[in-house]
Amino acid sequence: MVSKKSGAGLAAALGAAMLLGGGAGAAHAAPAEGGAALAKTDIAQALGGTTTGLGYGVAPVKDLRLDPWANSSADVLNNGATVRPENTGLAPIGTETLTGPLSAGGGPRDLPLVGPLLGALPG
């Protein structure tokens, strides 16, 4: 609905449409020769960006403290159990190998088998 007080509003709207729309001739412009084409992807740059982003996302998980009570009197992982097989010639097997790094305040990077595997990830 157009205001009947003055034609200034209509003129301003028409001027804005001309500036933003480019006029009536722009609506029927011919497409560019050759059509649209996508740019070629640089694989090295894409992998570099992915590796960098993955490194920033994985690094905090590698250093995450798994035992919240480490180095305190309430640490349940500070206790260990050792089994000594009798008359088999085998060495004693204990839980300190696994729980020791955690009770010292370490994270997944400090675990015996998981740590070397996490070293393969960036970050």
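Residues numbered from 1 in each chain as written. Predicted model: local features only at pLDDT ≥ 70, side-chain atom pairs only at ≥ 80, totals over all residues. Heavy atoms only, no water.

**A look at the overall build of the protein**
And step 1. In terms of regular secondary structure, the protein is built from four helices and two strands.
And step 2. The buried share of the protein, reckoned over its 123 residues, is 13%.
And step 3. Residue pairs at least 24 apart in sequence account for 56% of intrachain contacts in the protein once pairs closer than 6 positions are excluded.
And step 4. Taken as a whole, the protein presents about 9,900 Å² of accessible surface, with 65% of it coming from carbon and sulfur. (Helix = DSSP H or I, 4+ residues; strand = E, 2+ residues; numbered from the N terminus. Buried < 20%, exposed > 50% of the residue type's maximum accessible area, 1.4 Å probe, protein only. Contact = heavy atoms within 4.5 Å. Areas by Shrake-Rupley, 256 points an atom, 1.4 Å probe, with all protein chains shown as cover.)

**Let's talk about unusual backbone geometry**
And step 1. With a phi angle near 60°, asparagine 71 is a residue other than glycine that sits in the positive phi range.
And step 2. Secondary-structure assignment places asparagine 71 in the loop between α2 (43-62) and β1 (82-83).
And step 3. Note on asparagine 71: relative accessible area 63%, which makes it exposed.
And step 4. Of note, asparagine 87 is a non-glycine position whose phi angle comes to about 55°, a positive value.
And step 5. Tracing the backbone through its elements, the reader meets asparagine 87 in the loop between β1 and β2 (93-94).
And step 6. What makes asparagine 87 exposed here is its relative accessible area of 83%.

**Some details on helix α3 (residues 96-103)**
And step 1. When we look at burial in α3, the residues that qualify are Thr99, Leu102 and Ser103. On an axial view of α3, the arc spanned by its buried residues comes to 90°, and they lie on one face.
And step 2. Immediately beyond the C-terminal end of α3, within one or two residues, lies glycine 105, with a positive phi of roughly 100°. (Arc of directions from axis to C-beta.)

**Let's talk about the pattern of salt bridges**
And step 1. Applying the stated criterion to the full structure yields one salt bridge.
And step 2. Between arginine 109 and aspartate 63 there is a salt bridge whose closest N-O contact spans 3.2 Å. Remark: aspartate 63 occurs in the loop between α2 and β1 and arginine 109 occurs in the loop between α3 and α4 (114-118); sequence separation between them is 46 residues. (Salt bridge = Lys/Arg side-chain N within 4 Å of Asp/Glu carboxyl O.)

**Let's talk about the environment of aspartate 63**
And step 1. When its relative accessible area of 51% is taken as the criterion, aspartate 63 is described as exposed.
And step 2. The spacing of aspartate 63 and proline 108 is 45 residues in sequence and 6.6 Å in space, taken between C-alpha atoms.
And step 3. Only 3.2 Å separates the side chain of aspartate 63 from the side chain of arginine 109, close enough to count as a polar contact. (Polar contact = N/O pair within 3.5 Å; in protein donor to acceptor, adjacent residues only side chain to side chain.)

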